[in-house]
Structure formats: C-alpha cells, structure tokens
Amino acid sequence: MWTEPYLETCCRSALHRLMLSGAAGRPAGLKDQPCLERLARMGLATQDADGRYHPTPQGAARHESEILSPP
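Peer 1: Help me get a handle on the packing of helix α1 (residues 9–20) against helix α2 (residues 33–41), residues and values and all.
Peer 2: As a packed pair, α1 and α2 sit with axes 9 Å apart at the nearest point and diverge in direction by 85 degrees. On the basis of their axis angle, the class for α1 and α2 is roughly perpendicular. On the side of α1, the interface is formed by C10, C11, A14, L15 and L18, while α2 contributes C35, L36, R38 and L39. Split into classes, the residues belonging to the contact of α1 with α2 amount to 8 nonpolar, no polar and 1 charged.

Below is the structure:
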C-alpha cells in the first residue's frame, strides 16, 4: 500500500531540479517556488539562511525511489 504523500507532477519535477542543483541548491523566487515550499513542508527540502533550497535525506530517498527508480 502506498504510504507516502502524493507528489504532483510539478513537484516531482521541482524535486528533480533540486537534486540536479547539487550543493549550490535552488534559489528562491523561481517559477517552481510554490513546489519548493511544498517540498519543504513535506520535509523533502530545506531552506538555508541565504534562501536557497536543498534536498533533505528524505528528499534524496524519495527522488531515488520515485523518480530514478519508478515502480
């Protein structure tokens, strides 16, 4: 049974871009800002003091399981 919260397609894309951004992270104010905020509320991303978003370990695991290795 699926136990993780559903990710909208736009948020899945934002999570993928977040992973691709590497250590630099994603800046605030881009078109995917609402998705980055949603990912942060879900615990899949975090925002640093400079306002840039970075994946959490949970976000990296979700990216691996749902985006890189879909069921």
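Peer 1: Tell me about α2, residues and numbers included.
Peer 2: Here α2 has its buried residues at Q33, C35, L36 and L39. Taken down its axis, α2 places every buried residue within 160 degrees of arc, on the same side. Structurally, α2 contributes buried residues whose contacts are with α1, β1 (45–47) and β2 (53–55). Immediately downstream of α2, the backbone of G43 shows phi near 85 degrees, a positive value.

Analysis parameters
Residues numbered from 1 in each chain as written. Predicted model: local features only at pLDDT ≥ 70, side-chain atom pairs only at ≥ 80, totals over all residues. Heavy atoms only, no water. Axes fitted to C-alpha atoms, helices over the stretch in contact; angles between N-to-C directions. Helix = DSSP H or I, 4+ residues; strand = E, 2+ residues; numbered from the N terminus. Parallel < 35°, antiparallel > 145°, perpendicular 65-115°, else oblique. Contact = heavy atoms within 4.5 Å. Nonpolar A, V, L, I, M, F, W, Y, C, P; charged D, E, K, R; others polar. Buried < 20%, exposed > 50% of the residue type's maximum accessible area, 1.4 Å probe, protein only. Arc of directions from axis to C-beta.

In short, the description is geometric, and any link to function would need to be established separately.
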